[in-house]
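Each chain, letter by letter, is given below.
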Amino acid sequence: MTSLGTAADVDDIAVIDFRFRPIGARSWTPSATYHYLDRMGLEPCPSFVQIVDEHPDHFVGFGSVEPSDVDEAVNAVGELAALGMRGVTVDPSTAPLSRRFNDRELCPIYEEAQRLGLIVSTTMSCLLGPYQDDCRPEYVDHVATDFGGLTVSIQHGGWPYVREALGVAYRQPNVVIVPGQYVHYGFPGSDDYVTALARQLPDQILFGSVYPNCGPLTDLRRIVASWDLPPHIERQLEPCLGKGWLKR
């Protein structure tokens, strides 16, 4: 996560970005980024071609584990916590041994993350998994029920299962949704995210730029402003992690 500008840049609102990949992250190469930007009809953010220095006062680190070998993944979760990571990404549908998120074999990973106070982030959309229904948001519902002390973040917002994802968050206070590009760029169902943000789920829908798979970051701030949210909710959208999702 990172601040997207100074207070003067964004009308005295400090923006928290829940999905921001540093340049050079192994999972995203320039060619992969340009491919997805082209599919969304976007120009790359100018800073994509720059070197990003380390700013520990601006960034909160999340690690990732490859969950095919559950014992190794549990050990890796502990190592990430020892390194000061605040969360862990678990994407079982794209692992060499593909599983769904609620597979009982994965429970030791979630149990360890809960014990260590780490957020579990998982990516759910039609782009993940060998089959589209491998990423149905209901699988998060199962995990959130069984591990009530664990916060789970649904990246990609569960698209195209938008209403199902919103329903999971509505019934599970320990689930947050980061729709990213699926709310920013007019994908079908994007209005449902905005409606839920304005009414039922103002604390559980988080801003995530999906950088560098996005246009200029300043444009995203204008997109959020175009939703005409009530002022108290618009101001709440960016800093809502401060309400306890990330315990200091």
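All values derive from a computational prediction rather than experimental measurement.

**Q** Please clarify how the packing of helix α5 (residues 162-171) against helix α7 (residues 190-198) should be interpreted in this entry.
**A** A pair of packed helices is characterised by two quantities: the angle between their axes and the separation of those axes. It is at 9 Å that the axes of α5 and α7 come closest, and there the two elements cross at 20°. Between α5 and α7, the angle is such that the two are roughly parallel. Between α5 and α7 lies a crossing whose hand is right-handed. Mapping the contact onto sequence places Val162, Arg163 and Leu166 in α5 and Asp192, Tyr193 and Ala196 in α7. Considered class by class, the residues forming the contact of α5 with α7 number 4 nonpolar, no polar and 2 charged.

**Q** Got a minute to help me understand the side chain of Gln172 in this structure?
**A** Note that Gln172 resides in the loop between α5 and β5 (175-178). According to the relative accessible area criterion, Gln172 is buried, its value standing at 7%. At a separation of 2.6 Å, a polar atom in the side chain of Gln172 contacts the side chain of Thr145. With residues near it in sequence (within four places) discarded, Gln172 still touches Asp141, Ala144, Thr145 and Gln204.

**Q** What's the story with helix α2 (residues 70-82) in this structure? I'm lost.
**A** Because an α-helix packs 3.6 residues into every turn, residues spaced three or four apart end up facing the same way. Here α2 spans 19 Å end to end across 13 residues, near enough to the 18 Å set by a 1.5 Å rise per residue. For α2, the set of buried residues is Val70, Ala73, Val74, Val77 and Leu80. Down the axis of α2, the buried set is contained in an arc of 120°. They therefore lie on one face. In α2, the exposed residues that point more than 90 degrees away from the buried face are Asp71, Glu72, Asn75, Glu79 and Ala82. Close packing links the buried residues of α2 with β1 (62-65), β2 (87-90) and α3 (107-116). Looking one or two residues past α2, Gly84 carries a phi angle of roughly 95°, positive in sign.

Thresholds, definitions, all that
- Residues numbered from 1 in each chain as written.
- Predicted model: local features only at pLDDT ≥ 70, side-chain atom pairs only at ≥ 80, totals over all residues.
- Heavy atoms only, no water.
- Axes fitted to C-alpha atoms, helices over the stretch in contact; angles between N-to-C directions.
- Helix = DSSP H or I, 4+ residues; strand = E, 2+ residues; numbered from the N terminus.
- Parallel < 35°, antiparallel > 145°, perpendicular 65-115°, else oblique.
- Left-handed = near helix turned anticlockwise from the far one by under 90°.
- Contact = heavy atoms within 4.5 Å.
- Nonpolar A, V, L, I, M, F, W, Y, C, P; charged D, E, K, R; others polar.
- Buried < 20%, exposed > 50% of the residue type's maximum accessible area, 1.4 Å probe, protein only.
- Polar contact = N/O pair within 3.5 Å; in protein donor to acceptor, adjacent residues only side chain to side chain.
- Expected span 1.5 Å × (residues − 1).
- Arc of directions from axis to C-beta.

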